[in-house]
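The primary structure of each chain is shown beneath.
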Amino acid sequence: MSRAVWKGPFVDGYLLDKADKAQSGATRGAIKTWSRRSTIMPQFVGLTFQVHNGKQFIPVSVSEDMVGHKLGEFAPTRNYYGHGADKKAKRR
Amino acid sequence: MARIAGVNIPTQKRVVVALQYIHGIGPYFAKEICGKVGITEDRRVNQLTDSEVLQIREAIDRDYTVEGDLRRDTAQNIKRLMDLGCYRGLRHRRGLPVRGQRTHTNARTRKGPAKPIAGKKK
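Bear in mind that the values here come from a model prediction, so they are computed numbers and not experimental data.

Undergrad: Is there a simple way to think about the packing of aromatic side chains in this case?
TA: Working definition: an aromatic ring pair is given by the centre-to-centre distance plus the angle between the planes. Residues and elements named next belong to chain A. Under the definition given, this model contains four aromatic pairs over all chains. Residues W34 and F57 carry aromatic rings whose centres are separated by 4.9 Å and whose planes lie at 85 degrees to one another, so their mutual orientation is edge-to-face. Of this pair, W34 sits in the loop between β1 (31–33) and β2 (48–52) while F57 sits in strand β3 (residues 57–61), and the two are 23 residues apart along the sequence. Residue classification places F57 among the partly exposed positions, given a relative accessible area of 21%.

Here it is, written out as structure tokens:
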């Protein structure tokens, strides 16, 4: 079931503040975050986030198409390199 | 012989049923179209007058995405996900279930026929 519209999109509050700062050019570099559950807002477009996948931070540069998705969707938590016998190793 | 929305030529069936041969029109839309044009449930395609066929054709052209257009829209939506690099896109790329289903067993619709694994015997 999808989220009720009257609640609005979910974003961790601190991310909005940080995004505002980054957009105005006050801070440099990517925003490190563990908040995979946050929705990507229109004001995030053009920024780079470092999204934690449980082990490392995955760089995610936000484009316009990504608005409405969650940050976590762009930092896969599992890496599958295929079975030992398989000749072709896969997944990026 | 009635040609509606490009290629579809369903005949001899009831109009409500025949319309469902068009990709993108199911029971609900078929009924809706018949209602709009004013065709009763029990009319068959070969009993339709030319003007009624025309009306149906116009109604579909105007209000519904159907056949090639619909397929293109769907393909584009999937392609968008794949280009985005999001989780759902990755699943589409690898031909695995997209909505969190298990893949330990089953998932044969997405994965295709089972591939035999050498040396695995019971």
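Undergrad: Sorry, what's going on with helix α1 (residues 13–23) of chain A here?
TA: Side chains that are three or four residues apart share a direction in an α-helix, a result of its 3.6 residues per turn. All names here are of chain A. Where α1 is concerned, the buried positions are L15, A19 and A22. On an axial view of α1, the arc spanned by its buried residues comes to 65 degrees, and they lie on one face. Looking at the packing, one finds that the buried side of α1 touches β1 and β2.

Undergrad: Quick question: what am I supposed to make of the interface of chain B and chain A here?
TA: Accessible area lost upon the coming together of the parts serves often as the stated size of an interface. Listed per partner, the contact involves nine residues of chain B and 10 residues of chain A. Together, L84, L90 and R94 of chain B form the three largest contributors to the area buried by chain B at its contact with chain A, with a combined 56%. Put simply, chain B and chain A have zero salt bridges between them. Taken together, chain B and chain A are joined by three residue pairs in polar contact (both at pLDDT 80 or more).

Undergrad: Would you explain the environment of A18 of chain B in this entry?
TA: Residue and element names in this part refer to chain B. Within the secondary structure layout, A18 lies in helix α1 (residues 15–18). Put simply, A18 and A30 are 12 residues apart on the chain and 8.6 Å apart in space, counted from C-alpha to C-alpha. Leaving out residues up to four positions away in the same chain, A18 has contacts with P10, K13 and V45.

Undergrad: What should I look at first to understand the sheet that holds β3 of chain A in this one?
TA: Two pairing modes exist for strands in a sheet, parallel and antiparallel, and in both the strands are linked by backbone hydrogen bonds. All names here are of chain A. Reading across the sheet, the three strands line up as β1-β2-β3 and stay open at both edges, with mixed pairing between neighbours. The strands lining the two open edges of the sheet, one partner per strand, are β1 and β3. Neighbouring strand axes in the sheet, compared pairwise and without regard to direction, differ in orientation by 25 degrees on average. Strand direction decides the pairing type here: β1 and β2, joined by three bridges, are parallel. Residue pairing across strands places K32 opposite Q50, the latter belonging to β2.

Undergrad: Which parts of the structure should I look at to understand unusual backbone geometry?
TA: Most peptide bonds take the trans configuration, and most residues that are not glycine carry a negative phi. Residue and element names in this part refer to chain B. With a phi close to 50 degrees, E67 is a non-glycine residue in the positive phi region. Phi is positive for N106, close to 60 degrees, though the residue is something other than glycine. Take N106: it is sitting in the loop between α5 (87–94) and α6 (108–111).

Undergrad: Even after reading the chapter, I still don't get helix α4 (residues 67–84) of chain B, so can you show me in this structure?
TA: Residue and element names in this part refer to chain B. The first and last C-alpha atoms of α4 sit 26 Å apart over 18 residues, in line with the 26 Å expected at 1.5 Å per residue. The set of residues buried in α4 consists of E67, L81 and L84. Down the axis of α4, the sector holding all buried residues measures 165 degrees, keeping them to one side. Elements in contact with the buried residues of α4: α5.

Undergrad: Would you mind going over the pattern of salt bridges with me for this structure?
TA: Pairs may arise between side chains of opposite charge once their charged atoms sit close together. All names here are of chain B. Under the defined criterion, the tally for this structure stands at nine salt bridges over all chains. The residue E52 makes a salt bridge to R43 at a minimum N-O spacing of 3.0 Å. In this structure, D63 and R62 form a salt bridge, with 3.4 Å as the shortest nitrogen-oxygen distance. By relative accessible area, which is 36% here, D63 ends up partly exposed. R62 gets classed as exposed once you look at its relative accessible area, which sits at 60%. When salt bridges that share partners are traced, they join K36, R62 and D63 into one network.

What counts, and at which threshold
- Residues numbered from 1 in each chain as written.
- Chains lettered and ligands numbered in written order.
- Predicted model: local features only at pLDDT ≥ 70, side-chain atom pairs only at ≥ 80, totals over all residues.
- Heavy atoms only, no water.
- Phe/Tyr/Trp six-rings, centres within 6.5 Å; stacked < 30°, edge-to-face > 60°.
- Helix = DSSP H or I, 4+ residues; strand = E, 2+ residues; numbered from the N terminus.
- Buried < 20%, exposed > 50% of the residue type's maximum accessible area, 1.4 Å probe, protein only.
- Arc of directions from axis to C-beta.
- Contact = heavy atoms within 4.5 Å.
- Buried area = accessible area lost by both parts, 1.4 Å probe.
- Salt bridge = Lys/Arg side-chain N within 4 Å of Asp/Glu carboxyl O.
- Polar contact = N/O pair within 3.5 Å; in protein donor to acceptor, adjacent residues only side chain to side chain.
- Pairing = 2+ DSSP bridges.
- Axes fitted to C-alpha atoms, helices over the stretch in contact; angles between N-to-C directions.
- Expected span 1.5 Å × (residues − 1).

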